[in-house]
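Tertiary structure, described
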Amino acid sequence: MDFPQIQIQTTKAILGLNIQRPIQQIEQPKADLNIKQPPATVLIDSKPARLTIDQSKAWSDMGLIGPLASSREFAQEGRQAVLEGISRRAQEGDRLMKIEDKENVIAEMEKEKGIRLYSGLTIKFIPSVHSVKIDYQPSEVNIEVDTNKPIISVNMNRPIHEYTPGKVSGYMIQYPSIKIDVKY
């Protein structure tokens, strides 16, 4: 006995896809940076040095003195010389008054005036040691620096983002089919 046979023949569906890729563009602009550096403020206060040299004693030791001091000194020396002269003349007068007591008083007096004592040689330092006085006051310098901080301003720029979404569309390359046959 023959049985009927069923024959089924199928065709698969083939699906095709059209893919349009997405497009994405990202651009990051640089940040705007502004820096300003104000100059530092510098204040300098100085007191000058002071040097004082007093050499009046040295000049005096060398015999070089000012007009007022020399006038005073010469007046004093003149007065002293006059007083010594008066004293010497008075002594000579007293000796001459007593001429009867001694012989040759005049000859002795002349002998005393004619003989000069030898003073000898000595070394003398002119001007004397430590006759110049020096005083020094060093200078004073005060420096004040005021550093000014930099002024920084930053402006961040947002990224530029462009996006085009992709598309996918499908189409049938081959449609599915089923064929059924019955054979007897």
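The present account deals with the structure reproduced in this document. (Residues numbered from 1 in each chain as written. Predicted model: local features only at pLDDT ≥ 70, side-chain atom pairs only at ≥ 80, totals over all residues. Heavy atoms only, no water.)

1. Let's talk about the environment of Ile106
- With respect to the element layout, Ile106 can be found in helix α3 (residues 105–114).
- For the pair formed by Ile106 and Leu96, sequence separation is 10 residues and the distance between their alpha carbons is 7.6 Å.
- Ignoring anything within four residues of it in the chain, the contact list for Ile106 reads Leu96 and Ile99. (Helix = DSSP H or I, 4+ residues; strand = E, 2+ residues; numbered from the N terminus. Contact = heavy atoms within 4.5 Å.)

2. Overview of a nonpolar patch on the surface
- Together, Ile6, Ile8, Ile178, Ile180, Val182 and Tyr184 line one region of the surface with nonpolar side chains, adding up to about 750 Å² of accessible area.
- Secondary-structure elements contributing two or more residues to the nonpolar patch are β1 (5–11) and β12 (177–183).
- Per-element tally for the nonpolar patch: the top contributor is β12, with 3 residues. (Patch = residues over 30% accessible without salt bridge, like charges linked within 9 Å, V, L, I, M, F, W, Y side chains within 5 Å. Areas by Shrake-Rupley, 256 points an atom, 1.4 Å probe, with all protein chains shown as cover. Salt bridge = Lys/Arg side-chain N within 4 Å of Asp/Glu carboxyl O.)

3. Quick look at the packing of helix α2 (residues 67–97) against α3
- Put simply, α2 and α3 touch, their axes get as near as 10 Å, and they point 155 degrees apart. Judged on the interaxial angle alone, α3 and α2 are roughly antiparallel. Considering how the two elements wind past one another, α2 and α3 form a crossing that is right-handed. Packed against α2, whose contacting residues are Glu92, Arg95 and Leu96, the element α3 presents Val105, Ile106, Glu108, Met109, Glu112 and Lys113 at the interface.
- Its residues placed into classes, the contact of α2 with α3 shows 4 nonpolar, no polar and 5 charged. (Axes fitted to C-alpha atoms, helices over the stretch in contact; angles between N-to-C directions. Parallel < 35°, antiparallel > 145°, perpendicular 65-115°, else oblique. Left-handed = near helix turned anticlockwise from the far one by under 90°. Nonpolar A, V, L, I, M, F, W, Y, C, P; charged D, E, K, R; others polar.)

4. Here's the deal with α2
- Its 31 residues place the ends of α2 44 Å apart at the C-alpha level, agreeing with the 45 Å of an ideal helix rising 1.5 Å per residue.
- For α2, every residue scored as buried is listed here: Ser70, Gly85 and Glu92.
- Where α2 is buried, its residues meet α3. (Expected span 1.5 Å × (residues − 1). Buried < 20%, exposed > 50% of the residue type's maximum accessible area, 1.4 Å probe, protein only.)

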